[in-house]
Structure formats: C-alpha cells, structure tokens
Amino acid sequence: MKRTAAFLLLTLATVGCSSSDDMTGSSSDALQAPMLMKCMPMEGALHLEWMNMQKDCDSVEAERKMHSNPFEMVFSVPGSVDNKMDGTATEDMDYTYRLRCKKGDKYSDYSNEMMANPTHDSAGAGG
Amino acid sequence: MRRTFCALALALTLALVCAGCSSTGAEADAGAVEVPELVRAPNESTQPNQLEVSLEAREARKSYISGPSTAVWTYNGTVPGPLLDAKQGDELVVHFHNSLPEETTIHWHGVRVPAAMDGTPRMQDPVPPNGTFEYRFTLKDPGLFWFHPHVRSDEQVEKGLYGVVRVGGSDEPTSDRESILVLDDVNVMPDGSLPTYLDDESKMLGRQGKTLLVNGAASPILHWRAGSLDRFRIVNVANGRFFNLSLPGYTWRVIGTDGGLIPEPYDTERLLISPGERYDVLLVVHGEPGTRVTLVNEPYERGHDTGKEDPMPVADFIVTGEAPLSGRVLPQGFPKLERLQDGTVDQRLVLNEDLHNGELVFTINDATFPDVPLIDVPAGSMQRIEVQNDSKMDHPFHLHGTFFQVLTTNGEATAPERLANKDTVIVPQMSTLKLAARFDEPGGWMYHCHILEHAEGGMMGEIDVAPLR
C-alpha cells in the first residue's frame, strides 16, 4: 500500500516537474477530451474503447464519418462508460470516429480520431 | 507553485519509500481483513435430519473499499448470504421472504431438487415484493452448492444476492482446516454505487469488477499453519469473470468439483473456475512463520483479448507462528464414479453470438430465449447432448436439475482422472463437448450460459422432462 502510494506520488511529481509552467493552454475549467484507444472489428461491427480523461462528464458523445462525408453523432453513453460497440457500422468501408465529453452545456475538445473497417480483421488506426 | 508542489511530493515520496522498505509484515497488514468466515444460518428445526432456515432478501449497505458504502441486495443482510450447512439426506426447509422492491426467486445451483423448487420462472411464479415462498426438498448429494435468484439474475446477483449450501457426505476427506472461498468481483463507482448502465464490454464479457472479493472482502489475508492440510472449497459467483488461480510455490490437489468428490484427484498449477463452477482442493502449507504468498488471478484467454489482462491479487496467505504440524499427506483417491454410457447424440446445441438490429445477442441454435426451441425428453432417459461453441469466446454451460459428465472434447474422450459429475462446464471457444446426463426428475429444466449477461441476452433454453408435474 505504501509502495503504491509512493509510486503514485513519484509519478505525479515526475509528471508535474517535467511540465513547464507555461503549459496552461487550456483553462482549469476546460473539459478534457476522451482518448480513443481502440477501434476494432467485432461480430461484424466495430467496437470502440477509450479513456475518460475527464472523470465527471455527464455523457460521452461519439461522432462518425464515412467516406468524405462530415462527422455525424452516432451514439451517446453515460460519462463513466468507456466502450461501445457501434452495431450499425457493418458495411465494407472505413468508418472514422471521434469522441467528446459533455458536462452540462459544455463540451470538451474532440478526441483523437480512429478509423477501421468492420470487415477487415485488423486493429483500428489513428485517423 | 508547481515547483513547490514537486519538492513536497518528492520529499513525501522518499519518506514513504523509506518507510515501506522498513515496514514489518504487521504494518503492511494494517487495515487488511482476515478472510471472513461465512455465518451459518441458525437451524430453526428440532427435527433430526432437517435444516430449517429463514431467508429474507433485503437491501443493505456494505463497504467494499474505502470511501462511500454501497447499496447492496442481500440474503439476511450479508454478502455473501448465510451458509446453509447440512448433511446428505437432510431435508432443507427455507422460509423465504422477499423484502426487495422487485420480484425474485431462489435457484439452488447444482442441487438436485424437484422442478417446482428450482426457482426458475418456468416452474415457479416469482415471489413479488413482500411475498413469501417455502422451499422444501431433500439434499440428495454431498458437495458444495450455491443459491441465487433466477429472475433478472445478472442484476440481482451483481447486487449481492448469493449464498452457499454445504452438504456433508459420509466419506469426507480429513483435513486440519476447511475454508469456503466465495469468489466475486465488483465495480464500485467513486460515489459507492454500482454501475446501472450495462456497457457493451460488460454485455460481451459479463460484468467484471475492478475489485476482487473473497467472501465479500477485498484483498483479505488468510493465516495458515505450516504443515497443516488445508481444504479449500471454492465457488465462483461472479457474473462474468473467470478465476484462473495460482498460488506461487503450491500445486492444487483437486479432489472434487460441482457434483462432489472425484475418484482420481489430480494436481494442477492453475485452477480455472468459470462462473457457477466449484472446486474442492487440498494443500499442505509450508514455509517459515511470516512467509507470505499471494493468491493471484492469472490472465486467461476466454476470448476478445481477455488473456492480455493484468494478473490481479486475490488474497494474501501468511504462515502463522504456531508450531508446524507434520505428517500430513494428500489423499490419492476416492470411491469410483459410475461413467455414463456414450452413445449417439440426442440433442445438439450450437452456441453463438450475433448482432440483431445492431444489438449484441447470444444465441442457441440461432435463436434467443424464449424462442429457443423446447427440448422434450422422457423421464428416466439418458441423453447425450452435443454442445458446440461456434463463437470466439468461452461459455460456461450450466444445466439445471441433474448432473452431467463430459464424454468427449472435440471428439477426444475425457481422461479417467478428469471424470466428474458436473453442472457447469466451460465450453471453449470454437470447440464441441459431448455430455451425458440422466433426466430422472420430471419438470421443466433450464440450461444456459452462466455468464449471466449472456443468459439474459438470450443464451438460455429449456428441457421438458415428461411427464410434467
């Protein structure tokens, strides 16, 4: 337990110390965007996994685009959820996703983008 | 400001690291709880050969981890519920009262009961809020069994509704100590609540919590005595998590499973227990006083990259300072088990997972419960059931009302030392098991995947044994 606490503090200290004091591009009340970790084929559709960098989002919204069409919202899940299967992504094409956190009427920036084809059995790629 | 914080944090870190290096075992255990013993339900009967108990399903609060407590559903206020401790041939009478805000039942997992006592909605109207029901049946078989609801079981079991039935037999192996370990996991949110939203990963794998529990306690310790022959009776009551247990420096001597003792005990480094299964194992404790060994849940690939998960500590076992015992030996064998006869396949079940209208479903013969075709079999008949898993994940297959034996796995006959009476068995991904079961008791019996989210998601069916009562 003590070692775990020590490790956490050491990590915190290291991260904090290596950050420059001018790393304040975002104001303290700006919501942090989720980090998209996986976009992979599953059961003929696409499964997404992400990390919620903001712990108190009301919801996480996902947007999806196909071909050169604009992004459109495809699902919304509670803010504590960190995965979702998009059961509507079943065609032989590339689907690109991005996420954002919503709290009240505020939104975070968009996450990184990831792209995958549900008919290709390979890991998702960054967009 | 940040630099000041950094300096303070680093100073505190160094202090903690130094303190950690010099800490004694006792200091390290501060706050850790001993594995809680299950509390026996008091016997209200004065009759010989009868265990009569009262069980109330009711809400309570429980502190799983530090922080806010969790609203749980319990039998008699505890998670796990009380231990029903009986012996083979006893009549069990349970006066059940439902104080929950929704209907429920009690299913006696692994116990061969009359169908009307099995707690499935097919054979028993669910007990409404503030309703009562009397369960009454004879405990025919020795072994370790458990009980839980069979209504919205994925949610009700996750909230804490489970308990254990231990039925002693006439030829129990001797041991210096016997411990029941009820394994579960729970996902406690920062506010103490359990998640109410079923995310897709939990649909796919079953709910898996970040906190592992032994008899309701997180990260407990167990003190044991060097030289002691310790018997552990382990049940996995988790919704979806498979426990793949290792205890460094030890080999498990497996002496029994779901349906009691097995004729030829065997040794294994890893004890794999799927949801619903039980294992009965023996170990001879070794090591100097203070020696600590951690029971670890090792990764196991049951599909969808679950084999890449990190190992998780389950409990710490610590050798006490008592004088070592000596001369304890592990048993070599128990009475023979009648091997059920092989024959042509009578029933064929194909397990799979699929998307229906964008939603994940779990199918048997391409249908979801209650649309899975009913199977009719005559009472007293032996059935060979082929269970073919066409999905890319393992499914623990559970059959109500009777035991079965695994005759073959992918066409290969079960080795004599692995012959056992089972009620729950892992059907590995892309594999086929051939089971044999004798259906003596008339009534409607369910079979299903014991990943409870899969059962509720459609992977469940019924066998009618005629004549129906």
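Residues numbered from 1 in each chain as written. Chains lettered and ligands numbered in written order. Predicted model: local features only at pLDDT ≥ 70, side-chain atom pairs only at ≥ 80, totals over all residues. Heavy atoms only, no water.

Engineer: Just checking my understanding: could you explain the domain arrangement of chain B for this structure?
Structural biologist: The parts lose accessible area when they come together, and the size of an interface is often stated as this lost area. Residue and element names in this part refer to chain B. Once the domains are mapped, chain B shows domain 1 (17-26 + 174-319), domain 2 (50-168) and domain 3 (347-466). The gap between the C-alpha centroids of domain 1 and domain 2 is 23 Å. Each partner contributes residues to the interface: domain 1 has 29 residues there, and domain 2 has 25 residues. On the surface where domain 1 and domain 2 come into contact, there are 10 residue pairs in polar contact (both at pLDDT 80 or more). Elements that contribute at least two residues to the side of domain 1 that touches domain 2 include exactly strand E9 (177-186), strand E10 (211-214) and strand E13 (229-236). Top element by residues in the side of domain 1 that touches domain 2 is E9. It accounts for six residues. (Domains from an automatic or database assignment. Contact = heavy atoms within 4.5 Å. Polar contact = N/O pair within 3.5 Å; in protein donor to acceptor, adjacent residues only side chain to side chain. Helix = DSSP H or I, 4+ residues; strand = E, 2+ residues; numbered from the N terminus.)

Engineer: Which parts of the structure should I look at to understand empty space enclosed by the protein?
Structural biologist: Where empty space is left can be seen by rolling a probe of water-molecule size over the atoms. Residue and element names in this part refer to chain B. For the structure on display, the rule yields one cavity of 30 Å³ or more. By volume, the largest cavity is sized at about 110 Å³. Every residue along the wall of the largest cavity is listed here: Gln 208, Arg 241, Phe 242, Asn 297, Glu 298, Pro 299, Tyr 300, Arg 302, Thr 306, Glu 309, Asp 310 and Met 312. Residues of the lining of the largest cavity, tallied by class, amount to four nonpolar, three polar and five charged. (1 Å grid on protein atoms, 1.4 Å probe; cavity = no way out; pocket = protein on both sides within 12 Å on 5 of 7 lines; lining within 4 Å. Points joined across faces, edges and corners; volume = space filled by probe spheres on them. Nonpolar A, V, L, I, M, F, W, Y, C, P; charged D, E, K, R; others polar.)

Engineer: Please clarify how the side chain of Ser391(B) should be interpreted in this entry.
Structural biologist: Residue and element names in this part refer to chain B. Considering the arrangement of structural elements, one finds Ser 391 in the loop between strand E24 (381-389) and strand E25 (395-399). On the basis of relative accessibility, which here comes to 1%, the residue Ser 391 falls in the buried class. A polar contact of 3.1 Å, which involves the side chain of Ser 391, links it to the backbone oxygen of Met 393. A polar side-chain atom of Ser 391 sits 3.0 Å from a polar atom in the side chain of His 395. (Buried < 20%, exposed > 50% of the residue type's maximum accessible area, 1.4 Å probe, protein only.)

Engineer: Teacher, can you tell me more about a nonpolar patch on the surface here?
Structural biologist: A cluster of nonpolar side chains, contributed by Met35(A), Met37(A) and Met51(A), occupies part of the molecular surface with about 270 Å² of accessible area. Take Met35(A): it is sitting in strand E1 (residues 35-42). (Patch = residues over 30% accessible without salt bridge, like charges linked within 9 Å, V, L, I, M, F, W, Y side chains within 5 Å. Areas by Shrake-Rupley, 256 points an atom, 1.4 Å probe, with all protein chains shown as cover. Salt bridge = Lys/Arg side-chain N within 4 Å of Asp/Glu carboxyl O.)

Engineer: When you look at the packing of aromatic side chains in this model, what are you seeing that I'm missing?
Structural biologist: Two measures describe an aromatic ring pair: the distance that separates the ring centres and the angle between the ring planes. Residues and elements named next belong to chain B. All told, the structure shown has 14 aromatic pairs over all chains when counted by the stated rule. Geometrically, the ring pair formed by Phe 242 and Tyr 300 is stacked, given 5.8 Å between the ring centres and 15 degrees between the ring planes. Placement of Phe 242 in the loop between E13 and strand E14 (243-246) and of Tyr 300 in the loop between strand E19 (292-297) and strand E20 (312-319) is noted, with a sequence separation of 58 residues between them. On the accessibility criterion, Phe 242 (5% relative accessible area) is buried. The class for Tyr 300 is partly exposed, based on a relative accessible area of 24%. For the ring pair Phe 397 and Tyr 447, a centre distance of 5.9 Å and an interplane angle of 35 degrees mean the geometry is tilted. With a gap of 50 residues between them, Phe 397 in strand E25 and Tyr 447 in strand E30 (residues 443-449) connect regions that are remote in the sequence. Comparing Phe 397 with Tyr 447, the two get one shared label, buried. A network of ring pairs unites the aromatic residues Tyr 75, Phe 96, Trp 108, Phe 133, Tyr 135, Phe 137 and Phe 147 as a single cluster. (Phe/Tyr/Trp six-rings, centres within 6.5 Å; stacked < 30°, edge-to-face > 60°.)

Engineer: Please explain the sheet that holds E20(B) as it appears in this structure.
Structural biologist: Hydrogen bonds between backbone atoms are what pair the strands of a sheet, whose relative direction is either parallel or antiparallel. Residues and elements named next belong to chain B. Taken in spatial order, the five strands line up as E12-E20-E19-E14-E17 in an open sheet, and their pairing is mixed. If you trace the sheet from one side to the other, it starts and ends with strand E12 (221-224) and strand E17 (271-273), each paired once. Along the sheet, successive strands turn relative to each other by an average axial angle of 25 degrees, direction set aside. Where E19 and E20 come together, six bridges link them in antiparallel fashion. The partner of Val 296 across the bridge, within E20, is Pro 313. (Pairing = 2+ DSSP bridges. Axes fitted to C-alpha atoms, helices over the stretch in contact; angles between N-to-C directions.)

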